[in-house]
Amino acid sequence: MVPSAGAGLAITDPSTDRLWEVLFCPFASRGTTVRSSEQGVLSRKRGREPRLEMGDPQGNLCTDAGVGDLVTEKCLVASKGPARRVQLACSGQYCAFPLDGNALCVWNTDDPSYQPLTLRGHHEPITAVAFGNAVSPLLVCSASRDYVIMWTLDECRQKALQGLTPRGVVMGTLLGKVLCLRLSPDDRAVAVCAGKKIFMLDTESQSTRAELEGHRGAVTAAEFCLWQTHLIISVSEDRSFKKRVFPKVWDHHMGSLIYNSSVLTASPLLSLLIDAESRQLVTGCANGQLWIFSLVEGHHYRCVTRVDLKKKSESFFRRVESRLCSLPEEGQRVCTDGLEKGEEVEASLPVLGLGPCDLSLVLPAECGCLPSENTTCLWIGSSAGLFIFNLANFELEAVLHYKDFRSSSIQVAGSCAVMSKVGGEKAVCLLTSLCGCKIALLEIYAAALVRSQRGHNAGRDLSVLPRAHVLSTSPLYFRPAEENRTQPAPQRQSAMRSTIKDQPLVFHSKVRSSGYASTPHITLFSPKTNTRSSGDRSLPRRDCHRGKEYPLESSPPTKVHKQRVIAHGPVAVSCVQYSGDGRWLACGLANHLSLVFRADLTGTPAVFSGHDGAVSTVCWSHDGRWLLSTSRDGTLRLWSLRGAELALCVGKDVFSKPARSAQFYYIDTFILLSSGPELQLLKYHVATCRDGIQRYKQKSRCKGVFRLPTTGMTEITSLSAVNDFYSYLVLTAGRNRTLEVFDLNAGCSAATIIEAHSRPVHQICQNKGSSFMTQQHQFYNLFATTATGDGIKLWDLRTLRCERCFEGHPNHGYPCGIAFSPCGRYVASGAEDRHVYMYDVGSSTFSHRLAGHTDTVTGVAFSPSAPQGGGRGSTSVSSVNVFVIQHTCYDCGKCGVSVGTSVNAAAGESQSG
């Protein structure tokens, strides 16, 4: 160590006689470029602060003027040898990378006073570097073909400042080419992936604890399980992953294999990450695909989903472009044209590295409904750029291409390591060039990057709960008082009296005695015949049936409570729904019938016959007196529950195309339906006359009051709206995989979500709660959509973005239904494996499955009032099979129709904690 000119320190390497000049004067934390010349002198260069420039790149980002720099290149080192396909290391404060082949350079990313530390001891090029997990002492491990060396960072720095040569501890020798190093959570063991083996080295005794074999290709990555530290998972070039138990007892030399996956893809697996919060395994391969597996006990390492980075990035850019085009002109940026070029991404995006990403400070401000601590994101490092991937909804939050920045010295990366700093606002990324010898350290403002690509006011203040009064020009605006004055009852009575008074009197020649001369009979009882009945006496009002409040902290159903079999031939059941008071269960069948059961599945069901096609939807009115059904015959029928009578039939003469789905809307004021590409609003009147002669004459009527086409005139596949309270918003799904929100108060489209699913949505389900409980107002803005082969997505109206994605249930060919629990904490879904899957909205994996069916479960429904009849905290759910279970025939008696299907009701009997 010799003093250098100025306030600095020069360290001379005796083996190479090279002078490394380390300056102690503080330099700017942003905008500092450090280069190593060919003579091996590390110098510093102060220049202009790198800024985000958008020249002719792929043009993927759109930034606001006040965001500032998103990416800063803090360090650039030119090494003598290439460093591609090398494991780099980043921790919360340091980064480490091989320099000139066999030297290890450690850089402090937070404190500029700590200068780069160079550690030497290898004779062969370093191929893998890893940091320990403990903060003090901080360990760093490096590996080459000759040695595996463990360094204590604080001791090495002290020796370097004293002019001594830092020395490490040799853990292993001549193990082969090491592709990955990983330290155990307690830093007492090191997993060395060399060739087809994994060597478990002990850090205290410097001995080999075990040699794990079984892979048929070179092991590329390994990770320790954080909640079971004796487990280690590895991936290999043989395109599979293995889970092993390495021995805790040090005299053991072989580990046992727990799980061996099948071949996942045609390309080698390169990276691996285990998320402790969601208990999921994420692995990336060379063709740009991510495979996510569940490590939850009982899930048997099932594959949750598979993600193609290229397709995800293309879809992400289209959504960003759609949001930009929907903004006002002053909010649009010049880079909108670049989004079209953004689709021309790299042919393949190999996943070079994975790292945790903390966006807890960004996500709560956006959603607010779901707990942000359960939302996990990760960094994906590729050869073309960086991606922020959300493990909750399996969507990209941000994309950063290296070519987007002119100040970036590396355009195509050969190795990548990325790590978020404490707080999540910033992240550091270490890159090596693929075709050169450059090593760059980038500082990324992750929070600003996510906000710039999300846009502002995405939901445009949309809310299911109305925030303004009904406009006078709105189709929802009506005057009940004026309608009642059109034909008042007193006028009808006076007109009747005048008609009777004006009739002439007729006297006949022969008049039989009317008994006037006899003694009048005394009437002991005279029934009231002019009393107008308001409905079925067997159906009390909802308020009379209201019981206990639905418990918010209710437990999901766990087992079958009761089963009802009504089968006669292979009859499919298309829909199922509980009434608002929880007393009745309606089912629509493919044999043109609708059945209404009691909630306890006792007694003979009421049969509603009249459709000429399969019943597609059934819907109860708010007061529980009427049942609405649509069929593939193109008709809409309104039924009275008393006597299963038809009250109203709307045929094809009213609709331009057959009605696909319909429901009551605005607290039974309207009937909302979809007909082709149009959303229609019908005003109806149901005659309640009980005259024995006039009852068969159609007196009920309806008329269309409003219709609104979808954007692009695409066919509506599903719709949903709230009927339990006044709401202006209607949600629709189109054949072109688009979700559209309509504001019927304004009479226009309010928002559009493109490419909501990879296939058309067949059901939209809103979190409507029930009349037996009250949720927080923001939870009513949650709704779920499902599509065949694309799982379930949970959306928030205020942000118009997917918050969760549930893909644990098999659903590849048949549309399976979904339902929200009344407490809003669970989502139930049918599946093709004859189970009902229960999902917690705060987690992306299912909690458990309900068994008992013998075929595909096509529909599910929660009872809004089940806890009052069972144990506290229990929930009830009904599910429907596609085909029959047993042969049981029920005769309706009145119409002589025998119907049957399979209906299972499962009631959870678990107690709440």
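Residues numbered from 1 in each chain as written. Predicted model: local features only at pLDDT ≥ 70, side-chain atom pairs only at ≥ 80, totals over all residues. Heavy atoms only, no water.

Going by the annotation in an unreviewed UniProt entry, the name recorded for the protein is WD repeat-containing protein 27 isoform X3, with Zalophus californianus given as the source organism.

Q: Any chance you could explain the overall build of the protein here in plain terms?
A: Counting its secondary structure elements, the protein contains 8 helices and 63 strands. Here the protein, with 913 residues, has 54% of them falling under the buried criterion. Excluding contacts between residues fewer than 6 apart, the proportion of contacts in the protein whose partners are at least 24 apart in sequence is 55%. (Helix = DSSP H or I, 4+ residues; strand = E, 2+ residues; numbered from the N terminus. Buried < 20%, exposed > 50% of the residue type's maximum accessible area, 1.4 Å probe, protein only. Contact = heavy atoms within 4.5 Å.)

Q: How should I be thinking about the sheet that holds strand S45 (residues 678-685) in this particular structure?
A: Backbone-to-backbone hydrogen bonds join strands into a sheet, with any given pair of strands oriented parallel or antiparallel. Read across the open sheet, the 4 strands follow the order S43-S44-S45-S46; overall the sheet is antiparallel. Edge positions in the open sheet fall to strand S43 (659-665) and strand S46 (701-709), since each of these has one partner strand only. With direction set aside, neighbouring strand axes in the sheet form an average angle of 25°. Sheet topology places S45 next to S46; 8 bridges connect them, and they run antiparallel. (Pairing = 2+ DSSP bridges. Axes fitted to C-alpha atoms, helices over the stretch in contact; angles between N-to-C directions.)

Q: Hey, could you run me through the pairing of strand S27 (residues 351-357) in this one?
A: Of all 7 residues in S27, 5 are buried, a share of seventy percent or more. Both S27 and strand S28 (residues 377-382) contribute to a ladder of 6 bridges, which runs antiparallel. Bridge pairing in S28 links Cys-357 to Cys-377.

Q: Teacher, can you tell me more about the pattern of salt bridges here?
A: Should the charged atoms of two oppositely charged side chains come close, the side chains can pair. Here the structure, examined in full by the defined rule, presents 18 salt bridges. Close ionic contact of Glu-223 with Arg-182 constitutes a salt bridge, the shortest N to O distance being 3.4 Å. Of the two residues, Glu-223 is situated in strand S19 (residues 219-224) and Arg-182 in strand S15 (residues 178-183); the sequence distance between them amounts to 41 residues. Among the residues examined, Arg-182 registers a relative accessible area of 26% and is labelled partly exposed. Glu-715 serves as the salt-bridge partner of Arg-660, at 3.7 Å between the closest nitrogen and oxygen. Taken together, the residues Arg-660 in strand S43 and Glu-715 in the loop between S46 and strand S47 (716-720) connect sequence positions 55 residues apart. Here the salt bridges share partners, and the residues they tie into one network are Lys-312, Arg-319, Glu-395 and Lys-793. (Salt bridge = Lys/Arg side-chain N within 4 Å of Asp/Glu carboxyl O.)

Q: What am I meant to see in the packing of aromatic side chains here?
A: Two descriptors summarise a pair of aromatic rings, namely the distance from one centre to the other and the angle between the planes of the rings. Per the counting criterion, the structure on display carries 16 aromatic pairs. Arranged with centres 6.1 Å apart and planes meeting at 65°, the rings of Phe-664 and Tyr-684 form a pair that is edge-to-face. Of the two residues, Phe-664 sits in strand S43 while Tyr-684 sits in strand S45, which places them 20 residues apart along the sequence. In terms of burial, Phe-664 and Tyr-684 fall into one category: buried. Between Phe-783 and Trp-795 the ring centres are 6.4 Å apart and the planes differ by 10°, which places this aromatic pair in the stacked class. A residue pair is termed long-range when its members are at least 10 positions apart, and Phe-783 in strand S52 (residues 782-787) and Trp-795 in strand S53 (residues 792-796) qualify at 12 residues. (Phe/Tyr/Trp six-rings, centres within 6.5 Å; stacked < 30°, edge-to-face > 60°.)

Q: Please explain the pairing of strand S57 (residues 836-840) as it appears in this structure.
A: A regular strand places its side chains on the two faces of the sheet in alternate fashion. Of all the 5 residues making up S57, 4 are buried; the element is thus mostly covered by neighbouring parts of the structure. Across 5 bridges, strand S56 (residues 826-830) lies against S57 in antiparallel orientation. In the sheet register, Gly-830 faces S57, and the bridge partner there is Val-836. Counting the residues in the hairpin turn of S56 and S57 gives 5 residues, including Arg-834, whose phi is positive at 70°. Of the pairings in the sheet, the one linking S57 to strand S58 (residues 846-850) comprises 4 bridges and is antiparallel in character.

Q: Quick question: what am I supposed to make of the sheet that holds strand S49 (residues 739-743) here?
A: Spatially, 4 strands are ordered S47-S48-S49-S50 in an open sheet, and the strand pairing comes out antiparallel. Strand pairing shows two members of the sheet lacking a second neighbour, S47 and strand S50 (748-753), which therefore form its edges. Recorded for the sheet is a direction-independent mean angle of 25° between the axes of neighbouring strands. The pairing of S49 with S50 spans 5 bridges and is antiparallel. Counterpart to Leu-739 in the pairing with S50 is Ile-753.

Q: Explain the UniProt feature "repeat: WD" (unreviewed entry) in the protein to me, please; I cannot follow it from the model alone.
A: Here the UniProt feature "repeat: WD" (unreviewed entry) sits at residues 608-642. The span residues 608-642 shows a helical share of 0% and a strand share of 54%, and its end C-alpha atoms are spaced 11 Å apart. (UniProt positions renumbered as here; feature names shortened; annotations may be inferred.)

Q: How should I be thinking about unusual backbone geometry in this particular structure?
A: Here the bond from Ser-136 into Pro-137 is cis, since omega is -5°, no more than 30 degrees from zero. Looking at where Pro-137 falls in the secondary structure, it is placed in the loop between strand S11 (128-131) and strand S12 (139-143). Unlike most non-glycine residues, Leu-601 shows phi in positive territory, near 60°. Of note, Leu-601 is situated in the loop between strand S37 (593-598) and strand S38 (606-609).

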